[in-house]
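Architecture and fold: a report
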Amino acid sequence: MSTEHLDTNLLIRELCRAMLDEVATSDSNIRPLQVTGLGRHFAIPAEDAHRLTRSNGADVTSYVARIDEEWESPWLADTDRTWESLHRCLMTGPTPLRYAILGGRPLTDGSPYLTRLIPPDQVPLTADALADVEEGWLRGTFSALGLHGDFPWAREGLTEVRDLFTLAAKTRRAVLFTANT
């Protein structure tokens, strides 16, 4: 079984678990799962990434909450709510692009953050793939997928993510994607 297939299965399991948790704790009508919170990418030191892979969900959540408050440019890329549209577009491209948003290893069960850790050895491949994404391709994919929303925001988000991955690759850092749920 390919790594890509395993990553997809993990994401599906996370989303299903979150949906079941939502249903189990709901005392009224079933509400839709909210995983479209604000997206952020952080370039984190390799040592932190290694420590996070051995941490429990509470420790990861604490780390994310801390860096969410402290991290600044150039180690941070905000994709706000465009992360989901960007992810859908990038999923249609070559495999390394699929790591840019929801690739990598899940570190939490989705509450209060959806997290993915792209390890330092995967970051340069993803950075190279992102460098090859042209605006015309992104615009065409955005349109072909029937995505609604503001394309300029998606283009800006892609630029920020591309710059962050490039910097992370040069400094041998991991990339941590988070979206608050």
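Residues numbered from 1 in each chain as written. Predicted model: local features only at pLDDT ≥ 70, side-chain atom pairs only at ≥ 80, totals over all residues. Heavy atoms only, no water.

Regarding the environment of Cys 89
What counts here: Put simply, DSSP H or I for four residues or longer makes a helix, DSSP E for two residues or longer makes a strand, and each gets a number counted from the N terminus. We call two residues in contact when some of their heavy atoms are within 4.5 Å.
Relative to the elements of secondary structure, Cys 89 occurs in helix α4 (residues 83–90). With sequence-adjacent residues up to four places away left out, Cys 89 is seen in contact with Trp 137, Leu 138, Thr 141, Phe 142, Leu 145 and Leu 147.

Observations regarding the pattern of salt bridges
Applied cut-off: Each reported salt bridge corresponds to a side-chain nitrogen of Lys or Arg within 4 Å of a carboxyl oxygen of Asp or Glu. Remark: exposure states derive from per-residue accessible area (1.4 Å probe, protein chains only) relative to the maximum for the residue type, with buried under 20%, exposed over 50%, and partly exposed in between.
In this structure the tally under the stated criterion is six salt bridges. The shortest N-O distance in the salt bridge between Arg 139 and Glu 135 comes to 2.9 Å. Separated by four residues within a single helix, Arg 139 and Glu 135 lie in helix α6 (residues 135–144), roughly one turn from each other. Residue classification places Arg 139 among the partly exposed residues on the basis of a relative accessible area of 41%. On the basis of relative accessibility, which here comes to 39%, the residue Glu 135 falls in the partly exposed class. In this structure, the salt-bridge partner of Arg 155 is Glu 135, at a minimum N-O distance of 3.1 Å. One end of the pair, Arg 155, is in helix α7 (residues 151–170); the other, Glu 135, is in helix α6, and 20 residues separate them in sequence.

A look at the sheet that holds strand β1 (residues 39–44)
We count it as follows: Paired strands are those between which DSSP finds at least two bridges. Only the stretch in contact is used when a helix axis is fitted, and all axes are lines through C-alpha atoms; the angle between N-to-C directions ranges over 0 to 180 degrees.
A sheet is described by the order of its strands in space; here five strands give the open sequence β2-β1-β5-β4-β3, paired in antiparallel fashion. A single partner strand is all that each edge strand has here, and the edge strands are β2 (76–80) and β3 (105–106). Across the sheet, α4 is in contact with β1, β2, β4 (113–118) and β5 (174–180); its angle to β2 comes to roughly 95°.

As for the environment of Asp 163
Within the fold, Asp 163 resides in helix α7. Asp 163 sits in the partly exposed class, given a relative accessible area of 47%. Spatially, the C-alpha atom of Asp 163 lies 8.3 Å from that of Ala 77, the residues being 86 residues apart in sequence.

Some details on the pairing of β1
Counting buried residues in β1 gives six out of six residues, a clear majority hidden from the surface. Alternating residues of β1 divide into Gly 39, His 41 and Ala 43 and Arg 40, Phe 42 and Ile 44, and every residue in both groups is buried. Both β1 and β2 contribute to a ladder of four bridges, which runs antiparallel. Pairing of Phe 42 across the sheet is with Leu 76, part of β2. For β1 and β5, the ladder comprises six bridges, and the chain directions are antiparallel. Bridging from a neighbouring strand, Arg 40 pairs with Thr 178 of β5.

Observations regarding the packing of aromatic side chains
Basically, it comes down to this: Stacked, edge-to-face and tilted labels apply to pairs of Phe, Tyr and Trp rings (six-membered ring for Trp) whose centres lie within 6.5 Å, assigned for plane angles under 30 degrees, over 60, and everything in between, in that order.
Applying the stated rule across the entire model yields two aromatic pairs. On the numbers, 5.3 Å between centres and 55° between planes, the contact of Trp 83 with Phe 177 is tilted. With Trp 83 in helix α4 and Phe 177 in strand β5, the pair connects residues that are 94 residues apart, well separated along the chain. Residue class for Phe 177 comes out buried when judged on its relative accessible area of 0%. Note on Phe 142 and Phe 151: the rings are 5.4 Å apart at their centroids and 75° apart in plane angle, and the pair reads as edge-to-face. Here the two residues Phe 142 and Phe 151 agree in accessibility, since each one is buried.

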